[in-house]
Structures are given as C-alpha cells and as structure tokens.
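Letter by letter, the chains look like this.
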Amino acid sequence: MDWMKTVKAVLVAALGVLSSWLGELAVPVYMLVAVNLIDYMTGIAAAHRRGQKISSYTGINGIAKKVCMWLLIAVGSVLDWLLSYAGAALGFELHLPLLIATLTAVWLICNEVISILENIGDIGVPLPGFLTKIVEGLKSKLEDSTEPEPKGE
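Figured I'd write up the structure that's included with this text. (Residues numbered from 1 in each chain as written. Predicted model: local features only at pLDDT ≥ 70, side-chain atom pairs only at ≥ 80, totals over all residues. Heavy atoms only, no water.)

### Remarks on the packing of aromatic side chains
Here comes step 1: Taken as a whole, this structure holds 1 aromatic pair when the rule is applied.
Here comes step 2: Ring centres 5.4 Å apart and planes at 20° place the aromatic pair Trp81 and Tyr85 in the stacked group. Within this pair, Trp81 and its partner Tyr85 are both found in helix α3 (residues 56–90), separated by 4 residues, close to a single helical turn.
Here comes step 3: Judged by relative accessible area, Tyr85 falls into the exposed class, the value being 54%. (Phe/Tyr/Trp six-rings, centres within 6.5 Å; stacked < 30°, edge-to-face > 60°. Helix = DSSP H or I, 4+ residues; strand = E, 2+ residues; numbered from the N terminus. Buried < 20%, exposed > 50% of the residue type's maximum accessible area, 1.4 Å probe, protein only.)

Okay, structure coming up:
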C-alpha cells in the first residue's frame, strides 16, 4: 500500500506544479481536458451506434485534434505575452492577463460541449428541449463568430 501513497503524492505534486505554471489558465485548461476526454468517449460510442468503423487511424486523428486544441491555447498565451510586451515597450501596461488564451479555451470548451451533446443524441439519449435550444443557439453564435465578415461593395 505504500506505493499507492507514493503515486498519490506524485500526482498531487504534478498537478500542483502544473496548476502553478498555468496560473489563471488552470481551470479552463482542466475543463478542456475533461470535455476532450468525454467527447472522445462519446464520439467512439456514437460512431459505433452509427455503424461507422472505428480504427486506430481515426482514433489517433481524434487525439491529434485534441492536442492541437491545447496548442491553440499555447498560441493564445504567446499572443497575450506579445501584447503585454508591446504595451510595456510603448509605455503602457495592459491589465488583461491571458485574455486571448482564456477566450480561446472557452471557445474550444463550448465547441466540445456541442460535440458531446451531438454524440449523446446520436447514441440515442433524448436531450431535454431547453438544452437543445441552448446548444443550437450557442452553435449558431459560435459559427457566426468564426465566419469572416462580408466585404462591402
């Protein structure tokens, strides 16, 4: 049983170091990892239910997409740092730490929640009407926010 205490201590220490390093981004990043795992599992179940073939290629491709989501947050952090650095170089301080990274994480979490609900619906679990309306509204807002503005004539 001593090995269990050692494993627990190592996990707690690792999460403590990671949380300290992530700072304000810890909660959104942990939430993203949680919804990534749920989406992956419900996606496999939904694919099986739809009769789609599950292969190692599609599994690895799904994992690669999830890793790229985490990389997007890292890119947002770099942009936040560059904005802060540029502001300091110009003589003013920006008081929006990790704004781009946090917005990116929230956007990704919303997309994952939409995917989870679609997967659950495909599995055959009925979704409550209010939840369906919220998801449809959220999905349309996300799609509208990611489409480029039409150019004026």
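### Side note on the environment of Lys66
Here comes step 1: As for its placement among the helices and strands, Lys66 is situated in helix α3.
Here comes step 2: For Lys66 and Ile116, which are 50 residues apart along the polypeptide, the C-alpha to C-alpha distance reads 14 Å.
Here comes step 3: If sequence neighbours within four positions are ignored, Lys66 has contacts with Asn36, Asp39 and Glu112. (Contact = heavy atoms within 4.5 Å.)

### Some words on the nonpolar core
Here comes step 1: Formed by 13 residues in total, the largest nonpolar core has its most connected members in Leu22, Leu25, Val29, Leu32, Val35, Ile73 and Leu108.
Here comes step 2: Going through the elements one at a time, α2 (26–50), α3 and α4 (99–123) are the ones with two or more residues in this core.
Here comes step 3: Of the residues forming this core, the biggest block, 5 residues, is contributed by α4. (Core = buried A, V, L, I, M, F, W, Y, C linked by side-chain atoms within 4.5 Å.)

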